[in-house]
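Here's the letter readout for the chains.
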Amino acid sequence: MDFKELAKTKEYDFLRTDPRLGDRIILLGVTGSYGYGTNREGSDVDFRGITLDLPSDIIGFTEFEQFEDRITDTVIYSFNKIIRLLMSCNPNTIEILGIDEKEYIVKNEIGQELLDNKDMFLSKRAAASFGHYADAQLRRLQNAIARDSMTQPDREEHILRSVMHALEDYNRRQTLGGMGDTRLYIDDAVTEGLEKEIFVDGVVKHLPLRAYNDMMNSMNTVIREYDKIGKRNKKKDDNHLNKHAMHLVRLFMMGTDILKNGIIRTRRTDEELVLLRSIRDGKYMKDGKLSDEFYSIVSSYEKEYEEAEHISRLPENPDMDRIEKFVESVNRRIVLEA
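Residues numbered from 1 in each chain as written. Predicted model: local features only at pLDDT ≥ 70, side-chain atom pairs only at ≥ 80, totals over all residues. Heavy atoms only, no water.

1. Comments concerning the sheet that holds strand 2 (residues 46-51)
Phase 1: Spatial ordering of the open sheet is given by 3-4-2-1-5, a layout of five strands whose pairing is mixed. In this open sheet, the two edge strands, each paired with only one partner strand, are strand 3 (66-69) and strand 5 (104-107). Each strand axis lies, on average, 15° off the axis of its neighbour in the sheet, ignoring direction.
Phase 2: As judged from the four bridges shared by strand 3 and strand 4 (residues 74-78), these two strands associate in the antiparallel manner. By the bridge assignment for strand 4, Asp 69 is matched with Thr 74.
Phase 3: Sitting on the sheet, helix 5 (residues 79-87) is in contact with strand 1 (25-31), strand 2, strand 3 and strand 4, with an inclination near 90° to strand 4.
Phase 4: Strand contacts of helix 7 (residues 109-116): strand 1, strand 2 and strand 5, with the helix running at about 60° to strand 1, the strand carrying the most contacts. (Pairing = 2+ DSSP bridges. Helix = DSSP H or I, 4+ residues; strand = E, 2+ residues; numbered from the N terminus. Axes fitted to C-alpha atoms, helices over the stretch in contact; angles between N-to-C directions. Contact = heavy atoms within 4.5 Å.)

Here it is as structure tokens:
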């Protein structure tokens, strides 16, 4: 498919006519199934991009975060917003920096600068970000088709892992000190209706109440999302579930690339695509449930991912000095060239 020609059609006129887009777009590329290489006949085309903020967004009173066209499934983030997302290695945005060269629809000088400096965003925060998204995908699958076959203690183990990812990410992002000697673990439940549940032992000293509240919220959100995911996906058909299953494995693949090799690679290798497509096409779906073989595959990729996290040479946090200088340089140009 010629994506550049597609972007020129009337359906995408907003790319040229919206005052926040047009020449202000610095990057626009193909993500989703076409970007990953998992597309098939009838797959939607997903465009994701970045547009510069207006001078008034920087030194005035206007605000802008992103443009979204649901008809074409196009999302274009403001420059300043996506920088914040990239700093946390958000899977939905970091992939914009790793798509194949030929699948960029727009790439100007500033866009190329961003690509040339993408390594400044890579850090061990990716472990929490990709781990959290992968956990969420697993929750979707388990709640939708395997809840009855999973024991309550097994489900609690998965929630614990998600909560620990959230807590690790919070501790990396804040500088006020964490919960001291904190331990999260599973033991016999004291809550009625549960066999096992998560407990926390910890000592808090001189931690601002607001920081403590933020930390607890980050963990509580995981549990709330777990419950919502189960309710939201009860009626999804096998095709949707297969798609969730495929993305679970893809997230582990991409996250491992970042942690182990410091590489952002959105399109998967030919060998990986054979597996991903087979998952999407239902090879591991048996009688409305994913097979044991699939969960064995997931365990293998999850183990590789955890090993990559353990040996990763990435810094704990992104290179804030480089990011700050880059953002200041771009925003300065926006204001002075207005």
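2. Observations regarding the environment of Ser 43
Phase 1: Counting through the fold element by element, Ser 43 comes out in the loop between helix 3 (32-36) and strand 2.
Phase 2: Sequence-distant contacts of Ser 43, defined by excluding residues within four places in its chain, comprise Ser 33 and Tyr 34.
Phase 3: Polar side-chain contacts of Ser 43 include one of 2.8 Å to the backbone nitrogen of Arg 40. (Polar contact = N/O pair within 3.5 Å; in protein donor to acceptor, adjacent residues only side chain to side chain.)

3. Here's the deal with the environment of Ser 56
Phase 1: Inspection of the secondary structure puts Ser 56 in helix 4 (residues 55-59).
Phase 2: Along the primary structure Ser 56 and Ile 334 are separated by 278 residues, whereas in three dimensions their C-alpha atoms are 9.9 Å apart.
Phase 3: Sequence-distant contacts of Ser 56, defined by excluding residues within four places in its chain, comprise Phe 61 and Thr 62.

4. Quick word on the pattern of salt bridges
Where charged atoms from two side chains of opposite charge approach closely, those side chains can pair.
Phase 1: All told, the structure shown has 22 salt bridges when counted by the stated rule.
Phase 2: Among the ionic pairs, Asp 100 bridges to Lys 102, the shortest N-O distance being 3.3 Å.
Phase 3: Taking the relative accessible area as the measure of exposure, Lys 102 reaches 61% and is therefore exposed.
Phase 4: Note that Asp 257 and Arg 268 form a salt bridge whose closest N and O atoms lie 2.7 Å from each other. Residue Asp 257 is located in helix 11 (residues 238-261), and its partner Arg 268 is located in the loop between helix 11 and helix 12 (270-280); the two are separated by eleven residues in the primary sequence. (Salt bridge = Lys/Arg side-chain N within 4 Å of Asp/Glu carboxyl O. Buried < 20%, exposed > 50% of the residue type's maximum accessible area, 1.4 Å probe, protein only.)

5. Things to note about the nonpolar core
Phase 1: Counting 60 residues, the largest nonpolar core has Phe 79, Ile 94, Leu 97, Phe 121, Val 249 and Phe 294 as its most contacted members.
Phase 2: Take this core: its biggest share by element is eleven residues, from helix 11.
Phase 3: The residues touching Phe 121, leaving out its near neighbours within four places in the chain, are Ile 83, Leu 86, Met 87, Cys 89, Ile 94, Leu 97, Leu 114, Pro 318 and Ile 323. (Core = buried A, V, L, I, M, F, W, Y, C linked by side-chain atoms within 4.5 Å.)

6. Topic: the packing of aromatic side chains
Phase 1: Counted according to the given criterion, the structure contains nine aromatic pairs.
Phase 2: Ring centres of Tyr 12 and Phe 47 lie 5.2 Å apart, and the angle between their planes is 50°; on these two criteria the pair is classed as tilted. Of this pair, Tyr 12 sits in the loop between helix 1 (3-7) and helix 2 (14-17) while Phe 47 sits in strand 2, placing them 35 residues apart in sequence.
Phase 3: Each member of the aromatic cluster is reached from another via a ring pair, and the members are Tyr 12, Phe 14, Phe 47 and Phe 67. (Phe/Tyr/Trp six-rings, centres within 6.5 Å; stacked < 30°, edge-to-face > 60°.)

7. Concerning the packing of helix 11 against helix 13 (residues 292-311)
Helix-helix packing is characterised by the crossing angle of the two axes and by the distance between the axes.
Phase 1: Axis separation between helix 11 and helix 13 bottoms out at 9 Å; the angle between their running directions is 20°. Relative to helix 13, the element helix 11 lies roughly parallel. As for how helix 11 packs across helix 13, the hand of that crossing is left-handed. Along the contact surface, helix 11 presents Ala 245, Leu 248, Val 249, Phe 252, Met 253, Gly 255, Thr 256, Leu 259 and Lys 260, while helix 13 presents Phe 294, Val 298, Tyr 301, Glu 302, Glu 304, Tyr 305, Ala 308, Glu 309 and Ile 311. (Parallel < 35°, antiparallel > 145°, perpendicular 65-115°, else oblique. Left-handed = near helix turned anticlockwise from the far one by under 90°.)

8. Quick look at the pairing of strand 3
Phase 1: Of the two faces of strand 3, only one is covered, namely that formed by Phe 67 and Asp 69; the face formed by Gln 66 and Glu 68 stays uncovered.
Phase 2: Linking strand 3 back to strand 4 in an antiparallel pair, the connection comprises four residues, with Asp 73 at a positive phi of about 55°.

9. Focus: helix 11
Turn by turn, an α-helix covers 3.6 residues, leaving residues three or four places apart pointing in a common direction.
Phase 1: For helix 11, which comprises 24 residues, the first-to-last C-alpha distance of 34 Å matches the rise-based estimate of 34 Å (1.5 Å per residue) to within 8%.
Phase 2: The element helix 11 is extensively covered by neighbouring structure, given that 18 of its 24 residues are classed as buried.
Phase 3: Remark: Gly 262 follows helix 11 within two positions and exhibits a positive phi of approximately 65°. (Expected span 1.5 Å × (residues − 1).)

10. Looking at the packing of helix 5 against helix 14 (residues 320-336)
Phase 1: Here helix 5 crosses helix 14 at 170°, and the two axes come no closer than 11 Å. Taken as axis vectors, helix 5 and helix 14 run roughly antiparallel relative to one another. Two secondary-structure elements touch here, helix 5 through Phe 79, Asn 80, Ile 83 and Met 87 and helix 14 through Met 320, Ile 323, Phe 326, Val 327, Val 330 and Asn 331.
Phase 2: Each residue belonging to the contact of helix 5 with helix 14 can be placed in one class, and the counts come to eight nonpolar, two polar and no charged. (Nonpolar A, V, L, I, M, F, W, Y, C, P; charged D, E, K, R; others polar.)

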